[in-house]
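Topology and contacts: notes
Each chain is listed here by its residues.
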Amino acid sequence: MHTTSTAANVLAAAALSLAAAMPAAQAAPVAYRTVAVEGVQIAYREAGDASKPAIVLLHGVPSSSRMYDGLLRKLGDRYHLIAPDYPGFGNSEAPDPASFSYTFDHLAAVMQKFTDAVGVTRYVLLMQDYGAPVGMRMAIARPAAIQGLVFQNGNVYEEGLGAMWAKRKPFWADRAAYEKEVVAVHQSVAATRARHIGDDPAVEAYDPDLWMDEYAYLNRPGQARIQADLIYDYQTNLAAYPAWQAWLKQRQLPTLVVWGKHDLAFTVPGAHAFRRDNPAAEVHILDGGHFVMDTRLDDVARLTAAFMARVNTR
């Protein structure tokens, strides 16, 4: 693992010492619940006591809150963790795109209303992949709610865009001409597997169920249009990068960046770029993939616990 930062490292070391002095964590129970938001049943996982500091965890594509199950169990003895599934993902309902707008603006609005529905008013945002554009919209819309930010291969900088993004530009320019091809690749077993492994040579460390389950979800009825709408709308996220970066620079919130170095979609320069706007950001590069908790769950849990200790002793 490679870590960058100076003053942030001193604070991180103190937080790690504090975390190390705590009693050994016990696996926390996870509850699986649903709540109605805009008439849509939103599935979510919850661990920990509501009186404790809260973390809202936003998942990536084509995953769901399932990607956070292990982290909830490891941190639920100390914090209140809530991980929702977006509409159209995981176990949440998937309204027909003809009547429900699958855009990042709308996902963020639904997730904001979700926090209201479950009664979470102040929290740290933990964001992976699609979670970053959803979470940044939420943070800018309601900055008083955000105590800190955790980005896990959740990109907001041009530097972090891997070569694959060049293939999306023709689709954004001419949706009709390229949609069938883009969706076919996106829903394939090969692409779903590649999102997890990237260029990690330790392929035997990855449980194939990770991508086979996602492949099954991706190929449910109606998913092709849902996924196409969001892939097409992703161009709005790139357009928003300068505004998000300006917000990060202005707010200077406690920020943890945890990045799997074998990610082909969002590359390591995107992790280091956070320190351009927030020099105190704590950046950790792990020997893992896009979904770094696939193989480095203990590292992510330890770093997140230390970060939370720092946030709550400011």
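To be clear, the structure that these remarks concern was listed above.
A brief report on the enclosed structure follows. Bear in mind that the values here come from a model prediction, so they are computed numbers and not experimental data.

Attention now goes to the overall build of the chain. Scanning the chain from terminus to terminus reveals 13 helices and 9 strands. What you see for the chain is a C-alpha radius of gyration of 18 Å, in line with the 20 Å of a compact globule of 314 residues. In terms of principal-axis extent, the alpha carbons of the chain reach across some 55 × 40 × 40 Å. Taken over 314 residues, the chain has a buried fraction of 55%. Just so you have it, the chain exposes about 12,700 Å², and 56% of that area is on carbon and sulfur atoms. Distance between charge centres in the chain, computed from 29 positive and 32 negative side chains, equals 5 Å.

Attention shifts here to helix H10 (residues 235–251). Taking 1.5 Å of rise per residue, the 17 residues of H10 would be expected to cover 24 Å, and the 25 Å separating its terminal C-alpha atoms lies within 8% of that figure. Roughly 45° is the biggest bend found in H10, and it falls at tyrosine 241, with proline proline 242 one to four residues downstream. Of the residues making up H10, those classed as buried are Asn237, Leu238, Ala240, Tyr241, Trp244, Gln245, Trp247 and Leu248. Where H10 is buried, its residues contact helix H3 (104–118), helix H4 (131–141), strand E7 (146–152), helix H5 (168–173), helix H9 (223–233) and helix H12 (274–277). Directly beyond the C-terminal end of H10, a positive phi value near 50° is found at glutamine 252.

Running from amino to carboxyl end, H9 crosses H10 at an angle of 30°, the nearest separation of the two axes being 4 Å. When the axes of H9 and H10 are compared, the pair comes out roughly parallel. Listed contacts from H10 to Ile231, Tyr232 and Asp233 of H9 are Gln235, Thr236 and Asn237. The class makeup of the residues in the contact of H9 with H10 is 2 nonpolar, 3 polar and 1 charged.

Most of strand E3 (residues 40–47) sits out of view: 7 of its 8 residues are buried. Strand direction decides the pairing type here: strand E2 (residues 31–37) and E3, joined by 7 bridges, are antiparallel. From the neighbouring strand, valine 37 faces E3, where its bridge partner is valine 40. Counting the residues in the hairpin turn of E2 and E3 gives 2 residues, including glutamate 38, whose phi is positive at 50°.

This part covers the pattern of salt bridges. Close approach of charged atoms allows side chains with opposite charge to pair. Tallying each qualifying case throughout the model produces 16 salt bridges. As a salt-bridge pair, arginine 73 and aspartate 69 come within 2.8 Å of each other at their nearest N and O atoms. In this pair, arginine 73 and aspartate 69 both sit in helix H2 (residues 69–75), 4 residues apart, roughly one turn of the helix. What makes aspartate 69 buried here is its relative accessible area of 13%. Linking glutamate 179 and arginine 175 is a salt bridge whose minimum nitrogen-to-oxygen distance equals 2.6 Å. Here glutamate 179 and its partner arginine 175 are both found in helix H6 (residues 175–186), 4 residues apart, which amounts to about one turn of the helix. A single network of salt bridges, built from pairs that share partners, joins Arg175, Glu179, Arg225 and Asp229.

So, how was this worked out
- All chains use their own residue numbering, which begins from 1 and follows the written sequence.
- For a predicted model such as this one, the threshold for reporting local features is a pLDDT of at least 70, and the threshold for listing and counting side-chain atom pairs is 80 or more; totals across whole chains, interfaces and linings nevertheless cover every residue.
- Heavy atoms throughout the structure, all of them, feed into the side-chain values; hydrogens and water do not.
- A helix here means a DSSP run of H or I that spans at least four residues, while a strand means a run of E at least two residues long, and both kinds are numbered starting from the N terminus.
- As defined in this context, the radius of gyration uses C-alpha atoms, and a globule is described by 2.2 Å times the residue total to the power 0.38.
- Here the term buried applies to any residue with accessible area under 20% of the maximum for its type, exposed to any over 50%, and partly exposed to those in between, with areas from a 1.4 Å probe on protein chains only.
- Accessible surface is estimated by sampling points in the Shrake-Rupley manner with a 1.4 Å probe; for residues, cover comes only from the protein chains shown.
- Charge assignment in this entry is limited to Lys and Arg as positive and Asp and Glu as negative, and neither His nor the chain termini are counted.
- Every charge is mapped to an atom, namely NZ of Lys, CZ of Arg, CG of Asp or CD of Glu.
- Here, expected helix span is obtained from the residue count minus one, scaled by 1.5 Å.
- The reported bend at a residue is simply the angle between two axes, fitted to the 7 residues ending at it and to the 7 residues beginning with it.
- For this analysis, residues touch if any pair of their heavy atoms sits within 4.5 Å.
- Axis angles are defined between N-to-C directions and span 0 to 180 degrees, where every axis is a line fitted to C-alpha atoms and, for a helix, only to the segment in contact.
- To sort the angles, those under 35 degrees are grouped as roughly parallel, those over 145 as roughly antiparallel, those from 65 to 115 as roughly perpendicular, and the leftovers as oblique.
- Only Asp, Glu, Lys and Arg are considered charged, only Ala, Val, Leu, Ile, Met, Phe, Trp, Tyr, Cys and Pro nonpolar, and every remaining residue, Gly among them, polar.
- At least two DSSP bridges between two strands are required for those strands to pair.
- Put simply, a salt bridge is a Lys or Arg side-chain nitrogen that is within 4 Å of an Asp or Glu carboxyl oxygen.

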